Amino acid sequence: GEAKWGQRSGLTLLLPHGYEGQGPDHSSTRIERFLQLCAEDNMTVAYPTTPAQHFHLLRAQAMAPIRRPLIVVTPKSMLRLKAAVSAPADFTSGRWQSVLGDPEPLDPAGVTRVVLCSGKVFYDLAAARRKAEVSNVALLRVEQLYPLPGDKIGALLAQYPNATDVVWAQEEPANQGAWSHVALTLPEQLDTEVPLRRISRRGSASPAAGSSKVHEAEQAALIDAVLRP
């Protein structure tokens, strides 16, 4: 519509997505398909992880001078997740942030692995890291998947000069989720010699396992792979 008739749309989609053990039909909004459509700043794809982030994202969409579609990934479990909260000041004085740094007071010099992730899996990783008392792994949240904020990600990575391992961690299978988009786009935007690698479920024809027990085992293996020395 924009290319042929100059028509622009501010359409906003709130699509449920989150690996919660409820089966394939409850898990995936097919982020990878939307990301395959992204080019030339034609839309925004975001995965906000706090109420304030969600608020500021929708506000930015409403106030944007140029209309573009907005795809918002919205896990159902985060509606009742006690860790996913925001202070009143985050609403009144904050703004949309495409990347969020690690909220834990880690010693930057002691961090040897930096994990990039999006969405609900951050809270699972953060809880497991706290329980295992791991201090050498930093968790960064990429809240905006397109346009990918490579400059901001690079600035956060630069805070960890001794990191020799940079990981993209996702709940989705290897052939789904944001990995293919991130692997294609992010290395070109980063000024670092540390290669980017993936930790995820193995490739799958289905969006998710049909058994909650299989889901729990897969999730535990994912978390262990991210946090293990």
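Above this note sits the structure.
All figures in this text were calculated on a predicted structure; none of them were measured in a lab. (Residues numbered from 1 in each chain as written. Predicted model: local features only at pLDDT ≥ 70, side-chain atom pairs only at ≥ 80, totals over all residues. Heavy atoms only, no water.)

Summarise the nonpolar core; cite the residues concerned and give the values.
If you look at the biggest cluster of nonpolar residues, it comprises 32 residues, and the most contacted ones within it are L35, V45, L116, L145, I153 and W168. Broken down by secondary-structure element, the contributors of at least two residues to this core are α3 (31-36), β3 (70-74), β5 (113-117), β6 (137-142), β7 (144-146), α7 (150-157), β8 (165-173) and α8 (179-189). Not counting the four nearest positions on each side in its chain, V45 is found in contact with F34, L35, C38, I71, Q144, L145 and Y146. Grouped together as the second largest cluster of nonpolar side chains are 20 residues, A84, V167, I199 and I223 included. (Core = buried A, V, L, I, M, F, W, Y, C linked by side-chain atoms within 4.5 Å. Buried < 20%, exposed > 50% of the residue type's maximum accessible area, 1.4 Å probe, protein only. Helix = DSSP H or I, 4+ residues; strand = E, 2+ residues; numbered from the N terminus. Contact = heavy atoms within 4.5 Å.)

Let's hear about the sheet that holds β8: which residues, and what values?
Taken together, the five strands give an open sheet; going across it, the order is β4-β6-β5-β8-β9, and neighbouring strands pair in mixed fashion. Of all strands in the sheet, those bounded by a partner on one side alone are β4 (99-100) and β9 (196-201). Sheet contacts for helix α9 (residues 212-227): β5, β6, β8 and β9; angle to β9, the most-contacted strand, approximately 160 degrees. (Pairing = 2+ DSSP bridges. Axes fitted to C-alpha atoms, helices over the stretch in contact; angles between N-to-C directions.)

With reference to specific residues and values, describe the side chain of S27.
One can find S27 in helix α2 (residues 24-27). For S27, the side chain forms a polar contact with the main-chain oxygen of G23, separated by 2.7 Å. (Polar contact = N/O pair within 3.5 Å; in protein donor to acceptor, adjacent residues only side chain to side chain.)

Tell me about the pattern of salt bridges, residues and numbers included.
For the structure on display, the rule yields 11 salt bridges. For R68, the salt bridge is made with E2, and the minimal N-O distance between the two is 3.5 Å. Here E2 lies in helix α1 (residues 2-5) and R68 lies in the loop between α4 (51-63) and β3, a separation of 66 residues in the sequence. A salt bridge links E104 to R130, with the shortest nitrogen-to-oxygen separation between them at 3.7 Å. Of this pair, E104 sits in the loop between β4 and β5 while R130 sits in helix α6 (residues 121-132), placing them 26 residues apart in sequence. Within the structure, one salt-bridge network assembled from shared partners comprises E2, R8 and R68. (Salt bridge = Lys/Arg side-chain N within 4 Å of Asp/Glu carboxyl O.)

Function cannot be inferred from these measures alone, as they are strictly geometric.
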